[in-house]
Amino acid sequence: KDIVGTTRGMAHESQTAREELQSMRERASATEAQLLKLHQELDRVSSQARHDPLTGALNRKGLEEALAREVARAAHLKSALSIAFIDIDNFKSINDAHGHSFGDDALSHLAQVAREAMRPQDTLARFGGEEFVIVMPETDMAVATIVAERLRRRIASEPFAIAQGAKHLDVTISIGLATLDTADDNAATILKRADQALYRAKRDGRNRVVADAA
């Protein structure tokens, strides 16, 4: 009788232990699911923090991170790196004449055409307002000029236009180019030189590509 009682007690304890173990597994599984959901939400928020919601391009923060990474990579591999600084010509006049909604459509159109003109390794970012930057790894000035001219011609020949009675509004862009030049060059200096080249493009009549003179 004692042996039977002991056996039954052991069986009960074993069943209780199995139930507790199953409960622990279920709780662990639920915790893993919650952690996965939290990681996915973190990735989503992190991605949103680095992208412009209107155009889907990287925002200023995302650009800074991407450009710093590519500058470091180019320095390590001793490879070329170029950037294109892009500005929609007369954008303020477009907004003033046709409203901010049309201006937003023009920005989205530029981003879409830029992606089609870019190569897979290139990165598009919205610098701010109507200004965009394309980061082009392993690209010298000659190739960067070809990429930029292709984009400029696409915008000019396949413009985003709105009907104004019998009229249509054509949109053009100006582009300044710069390449990583010396060992002392960095993300800030290459951006500055591309911005200066963009200024010359706009000063010289807009709707053109100008390369940095450095």
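Residues numbered from 1 in each chain as written. Predicted model: local features only at pLDDT ≥ 70, side-chain atom pairs only at ≥ 80, totals over all residues. Heavy atoms only, no water.

### Side note on the pairing of strand β3 (residues 131-137)
Logical step 1: The buried fraction of β3 amounts to 6 of the 7 residues, a majority that puts the element mostly inside the structure.
Logical step 2: Sheet topology note: the strand β1 (residues 81-88)/β3 ladder contains 7 bridges and is antiparallel. Looking across to β3, one finds that Phe85 is bridged to Val133.
Logical step 3: Strand direction decides the pairing type here: strand β2 (residues 123-128) and β3, joined by 5 bridges, are antiparallel. Paired with Leu124 across the strands is Ile134, a residue of β3.
Logical step 4: Hairpin geometry of β2 and β3 is characterised by an intervening segment of 2 residues between the two adjacent antiparallel strands and by a positive phi of about 60° at Gly129. (Buried < 20%, exposed > 50% of the residue type's maximum accessible area, 1.4 Å probe, protein only. Helix = DSSP H or I, 4+ residues; strand = E, 2+ residues; numbered from the N terminus. Pairing = 2+ DSSP bridges.)

### Points about the sheet that holds strand β6 (residues 173-179)
Logical step 1: Spatially, β2-β3-β1-β6-β7 is the arrangement adopted by the 5 strands of the open sheet, whose pairing is mixed. Only two strands of the sheet have a single neighbouring strand rather than two, namely β2 and β7 (209-211). Between one strand and the next, the sheet's axes are offset by a mean angle of 20°, whatever the strand orientation. (Axes fitted to C-alpha atoms, helices over the stretch in contact; angles between N-to-C directions.)

### Regarding the side chain of Thr139
Logical step 1: Take Thr139: it is sitting in the loop between β3 and α5 (141-157).
Logical step 2: You can call Thr139 buried: its relative accessible area is 1%.
Logical step 3: One polar contact links the side chain of Thr139 to the main-chain carbonyl oxygen of Pro137, over a distance of 2.7 Å.
Logical step 4: Once residues lying within four places of it in the same chain are set aside, the contact partners of Thr139 are Ala80, Leu81, Ser82, Arg119 and Ala144. (Polar contact = N/O pair within 3.5 Å; in protein donor to acceptor, adjacent residues only side chain to side chain. Contact = heavy atoms within 4.5 Å.)

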